[in-house]
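Observations on the model geometry
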Amino acid sequence: MRTLREHGALSRAQLAVRSGLSKATVSSLVTDLELRGLVHSAGVSAGGQGRPGQLVDLRPTSVCGLGLDVHVGHVGAAVTDLSGELLFHRRVACDVPGIGPERAIDQLAELADTALAEVKGAVGPPAGATVSVPGLVDRGAGIVTFAPRLRWRDVAVADGLAARTGLALDRIAVDNDANLGAEAELARMGGAVDDLVYLTGDFGIGGGVIAGGKLIRGSIGFAGEIGHMAMDPLGPYCSCGRRGCWETQVGLGALLHACADPDDPVRDPTLDLDQRMRIVRSRAEQRDRRTLEALHQIGTELGHGVSILVNLLNPAVVVLGGYFAALPEWLVEPIRNEVVANVLAPGAGGARIVASGLGFTAATAGGALAALRRVLDDPTVVPAGQPNVDDEEAPA
Ligand SMILES: [Zn+2]
């Protein structure tokens, strides 16, 4: 299935060559996947050398992946089909720290039900759901250990969702937002990059580190908390209780505080983040002095931290996610200047600084992809002989 996902439709003979399996094994696997509705016939190969063969391809509509997102200011959901195409994406404003975990999980469950109801008929059932959370996660137990910005400690998210939705507990995963975003970016780069650092760019700043093509999780899964690198011992207090953490300098709160007064619409928590970023963008385009100064300051402080990461990890790419991705014209240059000045390796070790193409959707899209990985890892999680929605027969 991974081979088909990478290369598109192939004959059984081509699949055997690319996978290194025997033709007989490939044929029996294809038959099994057909019974599960995960692959289907896709015409006849044009020929070339050897006999023309019947092509096999993934059936993108056979199953879907559900990505869910708990954020300081909203809950979100995304659904992708097996090919990774986004079928549904929505955010609902929600004061998560204010209403507490139980009510936040109520809202998340309601949005999950809505998402699945909206794609029903166009795509098969969910292979699984992955919940993205800005904090430390015990993935084995599906528990958020500590998420300071949400004010959550030891919240059993997977259990809570399973109790409120029709989703089975063993199909619900919980993961850190930066890790999911990093994996989504890695997938978008399609194998061109093996070493990247992804920054979440939100009220909190998380880091997802991919080294040698693999996500770095650390000994107990808590790696990547770069937003809490201590940058200024006398700096402002952080949500974690310490002082001068990097996210107090470059988090969304720092930008909004620097560029607008409290009654300004960009500081209105009921407005969607994309909308607020569009206002900041348009002010920067009109060369509003306060906005430009704020962005230059944030870019410079971002550059300090990114320099540390580049010295430490020598990534090929540093991906700016979240709100950073909405403002690259004003942030990338000051970051670049700091990185060139502070990194030992000539030319910053080749590190490119780029804006994410996913913005605030990275964590939910990454969650949906992670949920689909269950099927790629083990296609038998999809039962055989189930009636499935077919591409051709799908209602418009
Ligand atoms: Zn902190």
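Here, every reference points to the structure presented above.
These numbers were taken from a predicted model, which means no experiment stands behind them.

So, the side chain of Ser 11
- Considering the arrangement of structural elements, one finds Ser 11 in strand 1 (residues 10-11).
- Those residues in contact with Ser 11 that sit more than four places away from it in its chain are Gly 53, Gln 54 and Leu 55.

Observations regarding the nonpolar core
- Residues Leu 199 and Trp 246 are the most contacted members of the largest nonpolar core, which totals 41 residues.
- For this core, the secondary-structure elements that each account for two or more residues are strand 12 (196-199), helix 7 (246-250), helix 8 (252-259), helix 9 (273-285), helix 10 (289-313), strand 15 (317-320) and helix 11 (328-342).
- Top contributing element to this core by residue count: helix 10, with eight residues.
- Dropping the residues within four chain positions of it, Leu 199 is found in contact with Gly 206, Ile 226, Trp 246, Leu 302, Val 306, Leu 309, Val 318, Val 319, Leu 320, Gly 321 and Phe 324.
- In terms of nonpolar packing, the next biggest core, distinct from the first, is built from 36 residues, Ala 112, Val 137, Leu 167 and Ile 172 among them.

Section: the sheet that holds strand 10 (residues 152-156)
- Taken together, the three strands give an open sheet; going across it, the order is 8-9-10, and neighbouring strands pair in antiparallel fashion. Looking at which strands have only one partner, the edges of the open sheet turn out to be strand 8 (136-138) and strand 10. Neighbouring strand axes in the sheet, compared pairwise and without regard to direction, differ in orientation by 15° on average.
- As defined by bridge partners, strand 8 adjoins strand 9 (residues 143-147) across three bridges and the pair is classed as antiparallel. Paired with Asp 138 across the two strands is Ile 143, which belongs to strand 9.
- Where helix 5 (residues 157-164) meets the sheet, its contacts fall on strand 9 and strand 10, and the angle it forms with strand 10 comes to roughly 45°.

Observations regarding the layout of surface pockets
- Here the largest pocket is characterised by a volume of approximately 890 Å³.
- If you go around the largest pocket, you meet 23 residues; those closest to its centre are Arg 2, Arg 5, Glu 183, Leu 186 and Ala 187.
- At the level of secondary structure, the elements contributing two or more residues to the lining of the largest pocket comprise helix 1 (2-7), helix 6 (177-188), strand 14 (214-215) and helix 12 (362-377).
- A total of five residues in the lining of the largest pocket trace back to one element, the largest contributor, which is helix 6.
- For the lining of the largest pocket, a count of residues per class yields 10 nonpolar, five polar and eight charged.
- In this structure, the second largest pocket spans a volume of roughly 560 Å³.
- Surrounding the second largest pocket, 25 residues form its lining, Val 72, Gly 73, Phe 203, Pro 269 and Arg 276 being those nearest its centre.
- For the lining of the second largest pocket, the secondary-structure elements that each account for two or more residues are strand 6 (86-93), helix 8 and helix 9.

A word on the coordination of the zinc ion
- Protein coordination of the zinc ion is provided by His 228 (ND1), Cys 238 (SG), Cys 240 (SG) and Cys 245 (SG), with donor distances spanning 2.0 to 2.4 Å.
- The coordination sphere of the zinc ion comprises four donor atoms, whose angles at the metal cover 105 to 117°; the geometry is tetrahedral.
- Written as a sequence motif, the donor residues of the zinc ion are H-x9-C-x1-C-x4-C.
- Owing to a relative accessible area of 17%, Cys 240 belongs among the buried residues under this scheme.
- Classification of Cys 245 by relative accessible area gives buried; the value is 2%.

Details of the sheet that holds strand 14
- Strand order in the open sheet formed by five strands is 14-13-12-15-16, with mixed pairing between adjacent strands. Of all strands in the sheet, those with a lone pairing partner are strand 14 and strand 16 (352-355), marking the two edges.
- Note: strand 15 against strand 16, four bridges, orientation parallel. Bridge pairing in strand 16 places Leu 320 opposite Ala 355.

Each value, and the rule that gives it
- Residues numbered from 1 in each chain as written.
- Predicted model: local features only at pLDDT ≥ 70, side-chain atom pairs only at ≥ 80, totals over all residues.
- Heavy atoms only, no water.
- Helix = DSSP H or I, 4+ residues; strand = E, 2+ residues; numbered from the N terminus.
- Contact = heavy atoms within 4.5 Å.
- Core = buried A, V, L, I, M, F, W, Y, C linked by side-chain atoms within 4.5 Å.
- Buried < 20%, exposed > 50% of the residue type's maximum accessible area, 1.4 Å probe, protein only.
- Pairing = 2+ DSSP bridges.
- Axes fitted to C-alpha atoms, helices over the stretch in contact; angles between N-to-C directions.
- 1 Å grid on protein atoms, 1.4 Å probe; cavity = no way out; pocket = protein on both sides within 12 Å on 5 of 7 lines; lining within 4 Å.
- Points joined across faces, edges and corners; volume = space filled by probe spheres on them.
- Nonpolar A, V, L, I, M, F, W, Y, C, P; charged D, E, K, R; others polar.
- Donors = N, O, S within 2.8 Å, 3.2 Å for Na, K, Ca; no water.
- Tetrahedral: all angles 85-135°; square planar, octahedral: opposite > 155°, others 65-115°.

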